[in-house]
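# Topology and contacts: notes
The residues making up each chain are set out below.
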Amino acid sequence: MRTLIRYITRIFLGNLFVMLLAFVSLLQLLDLLNNAEDVIRRHGDSVLVLARYAMLRLPELVTFLLPFSILMASLLSLAKLSQNNEILALKASGMSFYRVLLAFLPAVALVAAVHFVLSDRVAPQTARMLSQWDAEADSAAERPPRDQGPAIWVRDGATLARISAVVDDGKKLWGVTLFNRDARGNLVERLTASTATYTGDDWELSDVERLLITREAGGVFARYTTRSWKTSLTPSHFADLVAPPSTLTLTELLAFVTKPDTGYRPTYFYETWLHKRIALPIASILMVLLAAPVAQGLQRYGGIGTGLAAGVGLGFLYFVTDGLVLALGEAGAIPPALAAWSPSLLFASVGGLALIRIESNR
């Protein structure tokens, strides 16, 4: 069994490297063609600029394509074993096809562990480095950042803060509005500022307009060039709030789930991504089970070309289903656990049932 595991591991990892290299290179090329103009406009027309952008995007692309690459690598490996009659020889020696699939487990488990590290540690870090790089370019050009979606609302004691955009790893805020309230919750002051910059101890507001609420209609209005903002909120708070869930680590997602008041999105949104992060490496392992019935039916349904086409179709269908249920989970339409785990369990069940049916007919 050890000899078989080493042999299958060598075949599988070789096919995985080829598949991953091909798919990542293709997607990297398409990504560069789509974003090269914006990258050059922001950072200059140098080849090194495009190379840096490609390197920072690489971990995210690998994380996205790894499950599909595992599916195709498993299919190719099983197809090779089948075409060389090695599976037939193993069955003749008394080994079932299920034990052949178990021989894939050490290699796939290793790849799944690497996949988890990439998705939880490496990809979030490089994604934030890319955002930081863009923010530095915007700051140097003194232009507002690109639209980051809905405004961020955060509370600090009796003060409510509305932030339009967060840049420079949370050290600079655009479109700041502060609503100060008294002990009864009544609004007593409104401050609006074009930017807020972190100075190390507190925040400095620029182009400030102050409206002091009084009993008289309209209140007292005043303008300031700069004004200090004393708050317990730090750049890391804003950086975590504005970060897309794909750039949050498992620890950060868990913090948002256990402390509902810390995020500006609903708790079920973060809980969906928490389950998704845990389910991601499991999905990689289940790809072998999905590839097994396709590989077993190669001889019957037209050879390796048909099998590869079927594998691509299954992979595409899996990603569509996964994206659909993930969106439903983010919207709160279905429970977070169901949104994260149902695609993997559904396709694994279909693959398992198809494999049992094929094996029982032989």
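The structure this text deals with has already been given above.
Described below are features of the structure shown in this document. (Residues numbered from 1 in each chain as written. Predicted model: local features only at pLDDT ≥ 70, side-chain atom pairs only at ≥ 80, totals over all residues. Heavy atoms only, no water.)

## Let's talk about the side chain of Asp 322
- Within the secondary structure, Asp 322 sits in helix 10 (residues 304-331).
- Discounting residues that sit within four places of it in the chain, Asp 322 has contacts with Lys 276 and Pro 343. (Helix = DSSP H or I, 4+ residues; strand = E, 2+ residues; numbered from the N terminus. Contact = heavy atoms within 4.5 Å.)

## Some words on the packing of aromatic side chains
- Per the stated rule, a full pass over the model turns up eleven aromatic pairs.
- A ring pair is formed by Tyr 318 and Phe 319, whose centres lie 5.8 Å apart and whose planes are at 70°; its orientation type is edge-to-face.
- Judged by its relative accessible area of 24%, Phe 319 falls in the partly exposed class.
- One residue, Arg 227, lies across the ring of Tyr 224, its end atom 5.1 Å from the ring centre. (Phe/Tyr/Trp six-rings, centres within 6.5 Å; stacked < 30°, edge-to-face > 60°. Buried < 20%, exposed > 50% of the residue type's maximum accessible area, 1.4 Å probe, protein only. Lys NZ or Arg CZ within 6 Å of the ring centre and 35° of its normal.)

## Some remarks on the sheet that holds strand 1 (residues 152-156)
- In spatial order, the strands read 1-2-3-4-5-6; together these six strands make up an open sheet with antiparallel pairing. Looking along the sheet, the strands with just one partner apiece sit at the ends: strand 1 and strand 6 (220-229). The average angle at which neighbouring strand axes cross in this sheet is 20°, direction not considered. (Pairing = 2+ DSSP bridges. Axes fitted to C-alpha atoms, helices over the stretch in contact; angles between N-to-C directions.)

## Overview of the pattern of salt bridges
- Tallied over the entire structure, the rule returns twelve salt bridges.
- Here Arg 42 makes a salt bridge to Asp 38, at a shortest N to O gap of 3.4 Å. Here Asp 38 and Arg 42 lie together in helix 1 (residues 2-43), a separation of four residues that amounts to about one turn.
- A residue is classified by how much of its surface remains accessible, and Arg 42, at 10% relative accessible area, is buried.
- Notably, a salt bridge pairs Asp 322 with Lys 276, separated by 2.4 Å at the nearest N-O pair. With Asp 322 in helix 10 and Lys 276 in helix 8 (residues 267-296), this residue pair connects regions lying 46 residues apart in the sequence.
- Judged by relative accessible area, Asp 322 falls into the buried class, the value being 11%.
- Each of Asp 31, Arg 57 and Glu 60 takes part in a single network of salt bridges with overlapping partners. (Salt bridge = Lys/Arg side-chain N within 4 Å of Asp/Glu carboxyl O.)

## Here we look at the layout of surface pockets
- The computed volume of the second largest pocket comes to approximately 550 Å³.
- Considering the residues around the second largest pocket, the lining is formed by 21 residues, among which Thr 63, Phe 64, Ser 246, Trp 273 and Leu 280 are closest to the centre.
- Contributions of two or more residues to the lining of the second largest pocket are made by helix 2 (47-83), helix 5 (105-140), helix 8 and helix 10.
- Of all the elements, helix 2 adds the most residues to the lining of the second largest pocket, at six residues.
- Looking at side-chain class alone, the lining of the second largest pocket contains eleven nonpolar, five polar and five charged residues. (1 Å grid on protein atoms, 1.4 Å probe; cavity = no way out; pocket = protein on both sides within 12 Å on 5 of 7 lines; lining within 4 Å. Points joined across faces, edges and corners; volume = space filled by probe spheres on them. Nonpolar A, V, L, I, M, F, W, Y, C, P; charged D, E, K, R; others polar.)

## Structural notes on a nonpolar patch on the surface
- Together, Leu 26, Leu 29, Leu 30 and Leu 33 make up an exposed nonpolar region whose accessible area comes to about 420 Å².
- Among the secondary structure elements, Leu 26 is positioned in helix 1. (Patch = residues over 30% accessible without salt bridge, like charges linked within 9 Å, V, L, I, M, F, W, Y side chains within 5 Å. Areas by Shrake-Rupley, 256 points an atom, 1.4 Å probe, with all protein chains shown as cover.)

## Describing helix 2
- Between its first and last C-alpha, helix 2 extends only 45 Å over 37 residues, short of the 54 Å set by a 1.5 Å rise per residue.
- Considering bend angle alone, the principal kink of helix 2 is centred on Leu 66 and spans about 45°; proline Pro 67 follows within four residues of it.
- For helix 2, the tally of buried residues reaches 26 of 37 residues, placing the bulk of the element in the interior.
- The backbone nitrogen of Leu 48 has a side-chain oxygen 3.1 Å away, supplied by the residue at the start of helix 2, namely Ser 46.
- Asn 85, located one to two residues past helix 2, shows a positive phi value of around 60°. (Expected span 1.5 Å × (residues − 1). Bend = angle between axes of the 7 residues up to and from the residue. Polar contact = N/O pair within 3.5 Å; in protein donor to acceptor, adjacent residues only side chain to side chain.)

## Regarding the side chain of Lys 276
- On the basis of relative accessible area, Lys 276 is assigned to the buried category, the value being 11%.
- Not counting the four nearest positions on each side in its chain, Lys 276 is found in contact with Asp 322, Leu 326 and Ala 340.

## Some thoughts on the packing of helix 1 against helix 2
- Where helix 1 meets helix 2, the closest approach of the two axes is 5 Å, and the angle between their N-to-C directions is 150°. Taken together, the axes of helix 1 and helix 2 lie roughly antiparallel to each other. Crossing of helix 1 over helix 2 shows right-handed handedness.
- Broken down by class, the residue content of the contact of helix 1 with helix 2 amounts to 30 nonpolar, seven polar and three charged. (Parallel < 35°, antiparallel > 145°, perpendicular 65-115°, else oblique. Left-handed = near helix turned anticlockwise from the far one by under 90°.)

## Brief notes about the environment of Arg 265
- Assignment of secondary structure puts Arg 265 in the loop between helix 7 (250-258) and helix 8.
- Put simply, Arg 265 and Leu 355 are 90 residues apart on the chain and 42 Å apart in space, counted from C-alpha to C-alpha.
- Aside from chain neighbours lying at most four places away, what touches Arg 265 is Leu 241, Ala 243, Pro 245 and Tyr 270.

## Regarding the environment of Ile 358
- As for its placement among the helices and strands, Ile 358 is situated in helix 11 (residues 336-360).
- Relative accessible area serves as the criterion here: at 14%, Ile 358 is assigned to the buried category.
- Along the chain, Ile 358 and Ala 310 lie 48 residues apart, while their C-alpha atoms are 16 Å from each other.

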